[in-house]
Amino acid sequence: MGHNNSMKIITIESITALLHRHGFDEFLQDLIDALRRDFGHWDKFSKMPRPSMHVPGGVLELMPVCDNETYYTFKYVNCHPKNTSHGELTVVATGQLARIDTGYPLLFSEMTILTALRTAATTALATDLMSRKDARVIAIIGTGAQSEFQVLALKLVRDITEVRYFDLDEKAMDKFAKNMQGKFAKLTRCKNAEEAVQGADIITVCIASKTHAEVIKNDWVKAGVHINGLGGDTIGKTELEASILPRARIVVEYFEQSFVEGEIQRLSEEEAKKMVHAEIHELINGTKKGRHSDEEITLFDSVGIGLEDYSVLRLTYELSEKYDIGLDLNLIPILSDPKDLFSSYAEKTKTQEKGNAILTI
Ligand SMILES: NC(=O)c1ccc[n+]([C@@H]2O[C@H](COP(=O)([O-])OP(=O)(O)OC[C@H]3O[C@@H](n4cnc5c(N)ncnc54)[C@H](O)[C@@H]3O)[C@@H](O)[C@H]2O)c1
């Protein structure tokens, strides 16, 4: 497994190369399968609700998980909704995969793109388990960084004929239309969220705003619709009118974390326990059903959990080995005597004095 001391570094260039080599849809499909496998082994994992640190303008989060067999992973991620106003992404992330037998790290990766992919694959998995089999029309509200990944992943689980979209920012809608041109039979630009959800079978909401926004009103939600709520994912940040919740069959990823961060944060613990139908792993292992009739309204109240990052990091590691993609760098000292860490410092100092190029990488 891996190289003894070197660690694989996956940059943006590496992940782009990997996606082109393996295929974008193939990566998403493999990821959906990996998520199904990993959620299917839910009890095997050591996990915790992510620790979040709220700072002015955003939140900083660390997401660890361990499979107690082979790998441990963690992701660092933020959400700063005002970043785009000065040309920076709302969500950026990096992450690491380590072997658990020795604790040695194997891979350090960009995770801004991997987060968009794993979030889209998780939504697709939930939509497959919860939406009507004949769902054809998607509405997407919020056409920012996550949006294209979201709709392309849904295309892998349902025969999508139309994507109706809306964003407060006209430029974000222009960008979405350009990127998605030719990918769907019909792309419909809408004047507001209400128009976007008209006739939609699947509604995906992924806006970024640190407030209790009511992007979707209860009145607009018709029987049989499936909703994916992605942007209600930290304290004080939700997207749906609260009166939608009692009407919907609600599925979450991980109750302990979702209760603090999801749409259900507005409920008392007692109400939430009563109203939440299942955690997604229960739909995968078949103990509960995602949908009971064509008429009911279903809601995947997504917040994003460490297990999803584990699945995508593991897949990325396996594919990067297969295609020999990534940069192998020494981030762990190579020592003839593992107790003599100090000599490594002294040696390195000597090489540094000689101006060794390796140290300036
Ligand atoms: N659940 C998860 O696992 C997960 C993972 C990643 C991101 N997210 C969340 O998804 C959301 C979107 O992330 P992103 O990276 O695409 O952000 P982004 O800033 O790139 O895009 C968000 C878009 O929402 C639009 N918007 C804001 N308020 C709106 C409103 N009221 N109506 C319509 N449009 C509105 C903005 O104009 C922007 O284009 C964020 O809230 C983020 O926290 C969730």
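Each value, and the rule that gives it
- Residues numbered from 1 in each chain as written.
- Predicted model: local features only at pLDDT ≥ 70, side-chain atom pairs only at ≥ 80, totals over all residues.
- Heavy atoms only, no water.
- Helix = DSSP H or I, 4+ residues; strand = E, 2+ residues; numbered from the N terminus.
- Rg over C-alpha atoms; globule rule 2.2 N^0.38 Å.
- Buried < 20%, exposed > 50% of the residue type's maximum accessible area, 1.4 Å probe, protein only.
- Contact = heavy atoms within 4.5 Å.
- Areas by Shrake-Rupley, 256 points an atom, 1.4 Å probe, with all protein chains shown as cover.
- Core = buried A, V, L, I, M, F, W, Y, C linked by side-chain atoms within 4.5 Å.
- Pairing = 2+ DSSP bridges.
- Right-handed = clockwise from strand over helix to strand, strands pointing away.
- pLDDT = per-residue confidence, 0-100.
- Near = heavy atom within 4 Å.
- Polar contact = N/O pair within 3.5 Å; in protein donor to acceptor, adjacent residues only side chain to side chain.
- Nonpolar A, V, L, I, M, F, W, Y, C, P; charged D, E, K, R; others polar.
- Axes fitted to C-alpha atoms, helices over the stretch in contact; angles between N-to-C directions.
- Expected span 1.5 Å × (residues − 1).

Looking only at helices and strands, one finds eleven helices and 18 strands in the chain. Relative to the globule expectation of 21 Å for 361 residues, the C-alpha radius of gyration of the chain, 22 Å, shows essentially globular dimensions. Each of the three principal axes of the chain carries a C-alpha extent, and together these read 70 × 45 × 40 Å. With 361 residues in all, the chain has 53% of them scored as buried. In the chain, of all internal contacts separated by at least 6 residues, the share reaching a separation of at least 24 is 72%. With the model as given, the accessible surface of the chain reaches about 16,600 Å², and the carbon-plus-sulfur share is 53%.

This paragraph deals with the nonpolar core. Within the largest apolar cluster, 51 residues are counted, with the highest numbers of intra-cluster contacts made by Phe 27, Leu 31, Phe 39, Leu 114 and Leu 117. Looking at this core element by element, the count peaks at ten residues for helix H3 (residues 112–130). Membership of the second largest hydrophobic core comes to 48 residues, among which are Ala 193, Ile 250, Val 252 and Val 276.

Let's shift gears to the pairing of strand E8 (residues 137–141). Counting buried positions along E8 yields five of five residues, so the element is predominantly enclosed. Across the two faces of E8 the burial is the same, with Val 137, Ala 139 and Ile 141 and Ile 138 and Ile 140 all buried. In the sheet, E8 pairs with strand E9 (residues 162–166) via five bridges, with the strands oriented parallel. Residue pairing for E9: Val 137 is matched across the bridge by Glu 162. For the handedness criterion, the β-α-β arrangement of E8, helix H4 (residues 147–154) and E9 is classed as right-handed.

Quick look at the pairing of strand E13 (residues 226–229) now. Side chains on a regular strand alternate between the two faces of the sheet. The alternating pattern of E13 places His 226 and Asn 228 on one face and Ile 227 and Gly 229 on the opposite face, and all of these are buried. Taken together, the four bridges between E13 and strand E17 (residues 297–301) define a ladder with parallel strand orientation. By the bridge assignment, His 226 is partnered in E17 with Thr 298.

Time to look at H4. Judged by how many residues are buried, H4 sits mostly within the fold: eight of eight residues are covered. Among all positions in H4, only Ser 147, Glu 148, Phe 149, Gln 150, Val 151, Leu 152, Ala 153 and Leu 154 are buried.

This part is about the side chain of Ser 14. You can see Ser 14 is positioned in helix H1 (residues 12–22). The exposure class of Ser 14 is buried, given its relative accessible area of 10%. Residues within four places of Ser 14 in sequence aside, it is in contact with Ile 9, Ile 325 and Gly 326.

We now examine the confidence of the model for the chain. Considering every residue of the chain, the mean pLDDT works out to 95; 95% of them sit at 70 or more. In this model residues 354–361 is a low-confidence stretch, pLDDT under 50, and it forms five contacts with partners more than four residues away in sequence or in other chains.

Let us look at the site of the ligand. Lining the immediate surroundings of the ligand are 26 residues, of which Thr 90, Asp 167, Ile 207, Asp 233 and Lys 237 lie closest. Contact distances for the ligand include 2.9 Å between an oxygen atom and a side-chain N or O atom of Gln 146. In this structure, a nitrogen atom belonging to the ligand sits 3.3 Å away from a main-chain N or O atom of Leu 230. Protein contacts shield 89% of the accessible area of the ligand, which totals 860 Å² for the unbound molecule. Of the residues in the shell around the ligand, the class split is twelve nonpolar, nine polar and five charged.

A few words now on the sheet that holds E9. If you walk across this open sheet you meet the eight strands as E10-E9-E8-E11-E13-E17-E15-E16, and the pairing is parallel. Two strands in the sheet have a free side with no partner beyond their single neighbour: strand E10 (186–189) and strand E16 (276–279). For this sheet the average axis-to-axis angle between neighbouring strands, irrespective of direction, equals 20 degrees. Strand direction decides the pairing type here: strand E15 (residues 248–252) and E17, joined by four bridges, are parallel. Its bridge partner lying in E17, Ala 248 is registered against Ile 297. Of the strands in this sheet, E8, E9, strand E11 (202–205) and E13 are in contact with H4, which crosses E8 at around 165 degrees.

As a further point, take helix H10 (residues 306–322). Relative to the 24 Å expected for 17 residues at 1.5 Å per residue, H10 spans 24 Å between its end C-alpha atoms, a close match to the ideal helical length. Among the 17 residues that make up H10, 14 are buried, leaving the element largely enclosed by the rest of the structure. Following H10 by one or two positions, Asp 324 adopts a phi angle in the positive range, close to 55 degrees.

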